[in-house]
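Residue strings, one per chain:
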Amino acid sequence: MVHSFPSIFLILAVVVLVFGIGVVVQSRRYRSKSVVAPAPKKVEAPAPVAESVVEVAPVVEVEPVVEKRRSFKNVLAGAVSSVLGRSEINDASWDDLEEALLRADVGVKVAQALLEPLRARVKAKEISTPAELVAALQSDMSARLAGNNRELNFDASIDGPNIWLMVGVNGAGKTTSLGKISAQQVALGRKVMMAAGDTFRAAAGEQLQTWAERSGAEIIRGAEGSDPSSVIFDAVQAANARKFDLVLADTAGRLQNNTNLMEELRKVRRVAEKGAGTVTETLLVIDATTGQNGLSQARLFADATQVTGVVLTKMDGSSKGGIVFAIETELGIPVKLVGLGETMEDLVPFNPTEFVEALCSTT
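Thresholds, definitions, all that
Every residue gets a number counted from 1 within its own chain, in the order that chain's sequence is written. Thresholds applied to this predicted model are a pLDDT of at least 70 for local features of residues and 80 or more for the giving and counting of side-chain atom pairs; totals over whole chains, interfaces and linings are not thresholded and use all residues. To get the side-chain values, take all heavy atoms of the structure and skip hydrogens and water. Among the buried residues, those of types Ala, Val, Leu, Ile, Met, Phe, Trp, Tyr and Cys that are joined through side-chain atoms within 4.5 Å form a nonpolar core. To sort residues, take the accessible area from a 1.4 Å probe on protein chains only and compare it with the maximum for the residue type: under 20% means buried, over 50% means exposed, and anything in between is partly exposed. In this analysis, two residues are considered to be in contact whenever any of their non-hydrogen atoms come within 4.5 Å of each other. Throughout, an axis means a line fitted to C-alpha atoms (over the contacting stretch in the case of helices), and angles, computed between N-to-C directions, take values from 0 to 180 degrees. Every helix listed is a DSSP run of H or I at least four residues long, and every strand listed is a run of E at least two residues long, numbered separately from the N terminus. Under this scheme an angle from 65 to 115 degrees is roughly perpendicular, one under 35 degrees roughly parallel, and one over 145 degrees roughly antiparallel; angles in between are oblique. On a scale of 0 to 100, pLDDT captures the predictor's confidence in every residue. By convention in these notes, a salt bridge is any Lys or Arg side-chain nitrogen within 4 Å of a carboxyl oxygen on Asp or Glu.

### A few points about the nonpolar core
Moving on, step 1. Formed by 56 residues in total, the largest nonpolar core has its most connected members in Leu76, Leu133, Met141, Leu312, Phe325 and Phe355.
Moving on, step 2. Here leucine 76 is in contact with Ala100, Leu101, Ala104, Met141, Leu359 and Cys360, once residues within four sequence places are set aside.
Moving on, step 3. The next biggest cluster of nonpolar side chains, apart from the first, holds 22 residues, and it includes Trp211, Ala212, Leu246 and Leu337.

Below is the structure:
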């Protein structure tokens, strides 16, 4: 009996231990089930949030080109706000408007031509409030840009391809603009041949080759430093033989020798028309950020190459835009296209009404 007590105690201890282990295991199973059970709800919960995002996305989406068209720098906004903030038209009103026009690169002649008639109308009591003055200025600015033909000249009746020459100084965006125009013309169903006539600038041919591939055009190139006129002549002949509609010819913006650039461009135009094609458009590409320097460029190129239209690039940057008035009113050359960015879609037709509204907008 003495020896049986330890045995009984040992048996009871084992029973208690087994029971305890069973309780712990059972408790863990219960807790495990309580954690896993809500899991499906946590996975499904984000679904409604994702659906709500998809639903509102179209509401905030803005068409890029339309938005960029509105991005002309409103350099007159401060002056307009200042004038509208006064109870009457006074000397400070005229000072604000004149300073703003000059800072916008409109030019002295154009600024005077815009303000003098308004001064006379105010004196004659035809305009009596600041709001009427601002509205009259905006109307006169729009009128100065109205009536010009801004269509790109393509004559389907001529025998042989149309030739469009691209001229301008290096760095203005001449080759890039040519590539974008090529893409637009190909999209219209026209067969386009590029002529890499800027043979004096390193890598100009490679740059144009890339644009040809992107736009779906063909290209004729010459060796670096070769005669630009001969490259363009060969391109015209090839385009005519293969029944192409349009030759887009890049030209030099700077020469690496003492030859006069303008004489070289005159030669390019003469030679271009010796073959089967006809020059129907000569587009001068101007960097809009150059301001009044752009007007000087326009005078030189217009005299040498019979410029028919202007492409203003970099209108999405720090350009002031007033150079448009100087070019159109002093030289009589219409701005036909403006560059608002880097993509092919960012070269758009110039809209004078939209442009003036953006310049004068206070919002």
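### Examining the packing of helix α5 (residues 77-84) against helix α6 (residues 91-103)
Moving on, step 1. It is at 9 Å that the axes of α5 and α6 come closest, and there the two elements cross at 170°. Judged on the interaxial angle alone, α6 and α5 are roughly antiparallel. Counted together, Ala79, Ser82 and Val83 of α5 and Ser93, Asp96, Leu97 and Ala100 of α6 form the full contact between these two elements.

### Section: the confidence of the model for the chain
Moving on, step 1. Chain-level pLDDT for the chain is 80 on average; 76% of the residues reach the 70-or-more range.
Moving on, step 2. Contacts of residues 23-66 to residues separated by more than four positions or lying in other chains number five contacts, the stretch itself having pLDDT below 50.

### Some thoughts on the pattern of salt bridges
Moving on, step 1. Inspection of every chain in the model, using the stated rule, returns 14 salt bridges.
Moving on, step 2. Taking the shortest distance from any N to any O, the salt bridge between arginine 86 and aspartate 96 comes out at 3.0 Å. Of the two residues, arginine 86 is situated in the loop between α5 and α6 and aspartate 96 in helix α6; the sequence distance between them amounts to 10 residues.
Moving on, step 3. When its relative accessible area of 25% is taken as the criterion, arginine 86 is described as partly exposed.
Moving on, step 4. One salt bridge connects aspartate 198 with arginine 201, and the closest N-O pair in it is separated by 3.2 Å.
Moving on, step 5. What emerges from the salt-bridge pattern is a single network uniting Lys174, Asp198, Arg201 and Asp250.

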